[in-house]
Amino acid sequence: MMNVEEIGTSSRKRVLTIIIISAFVFLLLRLFQLQLLYHTEFGKKSDENSVRTIVKEPVRGYMFDRNGKLVVDVGPAYSITVTPASFNTSTLSFLSSLLQMEPSVIQERLDRGIIYSRFSPVRVKRDVDFKTLAAVEENLYRLPGVTYEIESKRIYPYNVRAPHLLGYCKEITDAQLAKVGSAYQQGDIIGSSGLEASYETFLRGEKGFEFISVNSKGQLLGPLEGGRRDIPSKEGFDLNLSVDFGLQMLAESLMTNYRGALVAIDPNDGGVLAFVSKPDFDPSVFSGVMSVEVWNKLNTNPDKLLFNRATMTRYPPGSTFKMLIAAAALEEGIIDEHYRITCSGAFRFGNKVFKDMHVHGSVNVVEAIQRSCDVFFYQLVLKVGLDKLYEYGNKFGFGQLTSFDIGEETAGLIPSAEYYNRVYGKGKWTQGYIVSLGIGQGEVGVSPLQMARYAALLANGGTLLQPHAVNSIRNKRTNSLDIIDHKESSVGIDSSVMRLIREGMRRVVEAPGGTGGMARIQGIVSAGKTGTAQNPHGADHAWYIGFAPFDHPKIAIAVLLENAGMGGVKAAPIAGKVMQRYIFGELPLKANSDSSGVSLNGTTEHSFNTREQ
Amino acid sequence: MFSYLKEYFDFRACLICLALVIIGLMSIYSATFDINNAANFYKQVLWAGIGLIVMLVTAFIPLRTIQRLSFAFYFTTFAILIIVLVIGSTVKGSKSWFGIGGIGGQPSEFAKVATVLAFASFLSKTDVSISQIKHLVIALCIFAAPMFLILAEPDLGTTIVFFAALLPLLYWAGVSNFILIAILVPILVALGALLGTAQFLIVSILGGVLLYYFRENRFAFAVALGIALAVGLSVQIMYEHMHVYQQKRITTFLNPEADQLGAGYNVVQSKIAIGSGGFIGKGFLKGTQTQLNYIPEQWTDFIFCVLGEEFGFLGASIVLSLFAALSLHGLKVANISKNKFGSLSAIGITGILTTHIIINIGMAMGLMPVIGLPLPFMSYGGSALIANMIMVGLLMNFYANRKEY
């Protein structure tokens, strides 16, 4: 009894009771914290844990041409994917033999994928052929973590090219990934140039997701909640292009042997009808997997195949520039239609002689355009002056971006006094520097796209249009058509001035002594202007700009052929054929032979019936 | 009739134990039913049946017989512990499994009870007084001997449980506060030393102040403080001379969540399981963490998160309350037991069970280091279940015989 008395005193019992109670209260508080306070956070983590999200790639939008023809299509591409978390590395060499890929390449791709997530499938090989797909499929049971997925890839029916306009899609680069953020993942395809890039957000569509239950070993157990939570992918929107692909293909074939560009525009709305940059490449090389060799070949080709000559270049416009100078002079009242200059075949300014190709004698402004008299414009540009030239150049859309749909574009250059001061220093340049601007030589740079817009402006009587290739976007979710508005503005040139200039351009093509007779179109009246731009690096660049029909123009065009020589000889016939095809729907083959009646005496150009290639 | 039964039959301990065993079986069923471990559930049902019989038998063995057999029981388990250490098979890195033929078990589960009983039996001898240093040392040796064998297996968790049972026993037996603190302080100082120099210094100062406050004489104070500092310093020196991987193992032990894919993985997943359960839980057999096997061998040490996930705060707090009620009931039995053996044994048993509960649940909720300690009555495992049910049987026995001197 004594012993019992001395153990377990009531004060010690109280201490132990307090210890036990406080320990359990502590646990209860922690339970409360985890299950009630942090419930949302842990619930989310638990969902992420047990659910594998399978991304369903959307079907990229289609592109239709102006006649509703499907020109950019999609087809299935099978990609072999590997989920690093469930992949058995001992099967690497087997997989590499099936895919005919170096094991190190596969490993590298997996290593890159693991950075993002061990549980997301990594595309190891894209767009495999059916033989490879079948071989992998047969052996799937031996290859844990390996599967294939269906993606869409671009298909170009009719062998459509227009690669610089349509652009291409490529696997997203790390730099792009860092910029665009969470909508994309490593290995995704993204529009990387041309319309594919600028309309990426429309074309791409939205990824879908399938939720699959997964155990801790990463084994798929089946759709979560019977697939009720799955989000289907959403198709991308379709683009309705202004381009006429019949015309496009003719233009491409006519340009085949040249380096240069051709842009045809509807002068009524600015819609691009044809857009060619040569040399080019087949856009379908980008649609599946592009091997490094093909890419290097494209990228390092000395002809710069990827380079968009229609928008990224700065060529001197040559004599096609003369209408701008004439418009400025007439509009500013510096000259009128009766103003004449006598051309003696050369113009002396200071101690420098500026030559002309011919002795044109006395010419007014219309005749000077018709016969491309250089002396007339050497003198006229001096009268107009640099400031007005700069002002009108800008009004006509030079020296600035056209806001064309594709991102690859340069502004070009129209010089100003400020420009010369910057380049040569103040007072270190003379008026002599601007004489050659009168014939579109010297420090002036334009792109064929700007020239096509210029041709369209002359065609429609003075409206500067925003050239564009996409007329409308079809929203396939609401099935509504979103018609895109485009800017247009009047340059504010009096119609009497425009009439004179257009008359000069009509005579270039239609009148004896015009330099553009080879662009003539059987059955309709057209107008244009040739240009032959000197080029310090080689043969002259050949220019032709024009429009047709003369009275109610439906097409305006600019053709540039690098180092091809005379504009009237090389560029004009191509422009003529393209415009003819557009207006008549097809190229009347016989037109060539029975048009011989028209004589073009007194011109430097060949007669019309000799333009057969 | 019932009031008579109530006088001699500890319904509270028995019913709480049965409730916990049933909830535990449900949890084990949930954690194992759809993978190839369903056999574990049936085995556990069998163990529970055996346990129930053993518990009831234990409850009705005469108290004196138990007291007399204590040392026999103690030495038997001690011998088996030595055998296990020599020829035992290694399970999860420690030699703790003893088996003959197809039957086996973990003798350390039984050694805990045996040690408590032997200790209580020794101290309840009429000529023994804990205030005598000689007797204190013998009592401590009774504890230390199996503790070292178990530490050598190595089974750190069970060693900690031994210690956790020893402290309340000494406290209950009337050991002075100073001696208790003199035992406790070196351990705390050693822990502080593992955490860092600053922690080492703070704990040392606090320990010194405590020792000084409860000092019995200056000499004892100086010796105790000296021992504490020596232990702390040597731990720190040992730590600094360890390999980096050993140091990492210790830091991971103290802070498992620092290593999310390794040792911390279970804790992270366990917290997710419990946290995602919310107030009412995901429903029986519907816990995704459990059913998709995010926590390896969840039916053993992490059984509490099945409960938390599938039955939510409601279910888990009910179980916590049952455990708390059992602990407090154990304390009450110790308090009302008029004989020293029963009273001390009840305290030891309560200490063992409570330590298991607190450490296991704390570990599942990320409050405690991951120590391989099963949750009493609920974790899968035959030896532990039977040993725990024996302990409840003992509590029932002490309750029934509480008026015996």
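Residues numbered from 1 in each chain as written. Chains lettered and ligands numbered in written order. Predicted model: local features only at pLDDT ≥ 70, side-chain atom pairs only at ≥ 80, totals over all residues. Heavy atoms only, no water.

1. Remarks on the environment of valine 333 of chain B
Residue and element names in this part refer to chain B. Within the element layout of this structure, valine 333 appears in helix H14 (residues 303–336). The exposure class assigned to valine 333 is buried, which follows from its relative accessible area of 1%. Considering only alpha carbons, one finds valine 333 and leucine 344, 11 residues apart in sequence, at a separation of 9.8 Å. (Helix = DSSP H or I, 4+ residues; strand = E, 2+ residues; numbered from the N terminus. Buried < 20%, exposed > 50% of the residue type's maximum accessible area, 1.4 Å probe, protein only.)

2. Comments concerning the packing of helix H5 (residues 107–123) of chain B against helix H7 (residues 156–173) of chain B
Residue and element names in this part refer to chain B. Relative to each other, H5 and H7 sit at 20°, their axes nearing to 11 Å. Taken together, the axes of H5 and H7 lie roughly parallel to each other. Handedness of the crossing formed by H5 with H7: right-handed. From H5, Ser108, Ala111, Lys112, Thr115, Val116, Phe119 and Leu123 reach across to H7, where they touch Thr158, Val161, Phe162, Leu166, Leu169, Leu170 and Ala173. In terms of residue class, the contact of H5 with H7 is made up of 10 nonpolar, three polar and one charged. (Axes fitted to C-alpha atoms, helices over the stretch in contact; angles between N-to-C directions. Parallel < 35°, antiparallel > 145°, perpendicular 65-115°, else oblique. Left-handed = near helix turned anticlockwise from the far one by under 90°. Contact = heavy atoms within 4.5 Å. Nonpolar A, V, L, I, M, F, W, Y, C, P; charged D, E, K, R; others polar.)

3. As for the confidence of the model for chain A
Summarising the model, chain A shows a mean pLDDT of 86, and 91% of its residues fall at 70 or more. Every residue in residues 1–5 of chain A scores below 50 in pLDDT, and together they form nine contacts with partners more than four places removed in sequence or on other chains. (pLDDT = per-residue confidence, 0-100.)

4. Topic: unusual backbone geometry
Following lysine 278 of chain A, the chain continues to proline 279 of chain A via a peptide bond in cis, the omega torsion being -5°. If you trace the backbone, proline 279 of chain A turns up in the loop between strand S12 (272–278) and helix H12 (292–300). Looking along the chain, the bond that leaves alanine 548 of chain A and enters proline 549 of chain A is cis, with omega of -15°. Phi at aspartate 127 of chain A is positive, roughly 50°, even though this residue is not glycine. Phi is positive for phenylalanine 377 of chain B, which is not a glycine, with a value near 70°.

5. Overview of the packing of helix H13 (residues 322–331) of chain A against helix H19 (residues 495–510) of chain A
All names here are of chain A. Axis separation between H13 and H19 bottoms out at 9 Å; the angle between their running directions is 150°. Here H19 runs roughly antiparallel to H13, going by the angle between their axes. Pair H13 / H19 crosses with right-handed handedness. Contacts between H13 and H19 involve Met323, Ala326, Ala327, Leu330 and Glu331 on the former and, on the latter, Val497, Leu500, Ile501 and Met505.

6. Regarding the sheet that holds strand S22 (residues 541–548) of chain A
Residues and elements named next belong to chain A. As summarised here, the arrangement of the five strands in space is S12-S11-S23-S22-S21, forming an open sheet in which the pairing is antiparallel. Every other strand in the sheet has two partners, leaving S12 and strand S21 (527–533) as the edge strands with one partner each. On average, each strand axis in the sheet is tilted by 5° relative to the strand beside it, whichever way the strands run. In the sheet, strand S11 (residues 260–265) pairs with strand S23 (residues 555–561) via six bridges, with the strands oriented antiparallel. (Pairing = 2+ DSSP bridges.)

7. Describing the environment of tyrosine 392 of chain A
Residues and elements named next belong to chain A. Looking at the element boundaries, tyrosine 392 is found in helix H15 (residues 374–395). Residue class for tyrosine 392 comes out buried when judged on its relative accessible area of 1%. Considered as a pair, tyrosine 392 and isoleucine 414 are 22 residues apart in the sequence and their alpha carbons are 9.7 Å apart. Those residues in contact with tyrosine 392 that lie beyond four places of it in its chain are Leu324, Ala327, Ala328, Glu331, Glu332 and Ile493.

8. A closer look at helix H3 (residues 38–60) of chain B
All names here are of chain B. Between its terminal C-alpha atoms H3 stretches 34 Å, which fits the 33 Å expected from 23 residues at 1.5 Å a residue. For H3, the full list of buried residues reads Asn40, Phe41, Gln44, Ala48, Gly51, Met55, Thr58 and Ala59. Elements that come into contact with the buried residues of H3 comprise helix H2 (11–32), helix H4 (63–87) and helix H16 (382–400). (Expected span 1.5 Å × (residues − 1).)

9. A word on the interface of chain B and chain A
Taken together, the 57 residues of chain B in the interface contact 35 residues of chain A. Carbon and sulfur atoms make up 71% of the area that chain B and chain A hide from each other, which totals about 3,900 Å². On the surface where chain B and chain A come into contact, there are zero salt bridges. Summed over the shared surface of chain B and chain A, the result is nine residue pairs in polar contact (both at pLDDT 80 or more). Listing elements by their share of the side of chain B that touches chain A, those giving two or more residues are H7, helix H12 (263–277), helix H13 (288–291), H14 and helix H15 (340–364) of chain B. Considering every element that reaches the side of chain B that touches chain A, the biggest residue donor is H14 of chain B, with 13 residues. Across the side of chain B that touches chain A, the residue classes tally to 27 nonpolar, 25 polar and five charged. (Buried area = accessible area lost by both parts, 1.4 Å probe. Salt bridge = Lys/Arg side-chain N within 4 Å of Asp/Glu carboxyl O. Polar contact = N/O pair within 3.5 Å; in protein donor to acceptor, adjacent residues only side chain to side chain.)

10. Focus on the packing of aromatic side chains
For the structure on display, the rule yields 44 aromatic pairs over all chains. Centre to centre, the rings of phenylalanine 32 of chain A and phenylalanine 313 of chain B are 5.9 Å apart; their planes meet at 75°, and the pair counts as edge-to-face. Remark: phenylalanine 313 of chain B occurs in helix H14 and phenylalanine 32 of chain A occurs in helix H2 (residues 10–37); the pair is interchain, linking two chains. With 6.5 Å between their ring centres and 45° between their planes, tyrosine 62 of chain A and phenylalanine 64 of chain A make a pair best called tilted. (Phe/Tyr/Trp six-rings, centres within 6.5 Å; stacked < 30°, edge-to-face > 60°.)

11. Concerning the nonpolar core
Residues and elements named next belong to chain A. Among the nonpolar cores identified, the biggest contains 130 residues, and Phe396 and Leu458 are the most heavily contacted of them. Looking at this core element by element, the count peaks at 10 residues for H15. Contact partners of phenylalanine 396, with chain neighbours within four places excluded, come to Leu324, Ala327, Tyr454, Leu457, Leu458, Leu464, Val491 and Ile493. (Core = buried A, V, L, I, M, F, W, Y, C linked by side-chain atoms within 4.5 Å.)

12. Notes on the pattern of salt bridges
Enumeration according to the criterion identifies 38 salt bridges over all chains in this entry. Its salt-bridge partner being lysine 56 of chain A, residue glutamate 210 of chain A comes within 3.9 Å of it at the nearest N-O pair. Linking glutamate 210 of chain A in strand S8 (residues 208–214) with lysine 56 of chain A in strand S1 (residues 51–56), this pair joins segments that are 154 residues apart in sequence. Linking glutamate 7 of chain B and lysine 403 of chain B is a salt bridge whose minimum nitrogen-to-oxygen distance equals 2.5 Å. Of this pair, glutamate 7 of chain B sits in helix H1 (residues 2–8) while lysine 403 of chain B sits in the segment after H16, and the two are 396 residues apart along the sequence.

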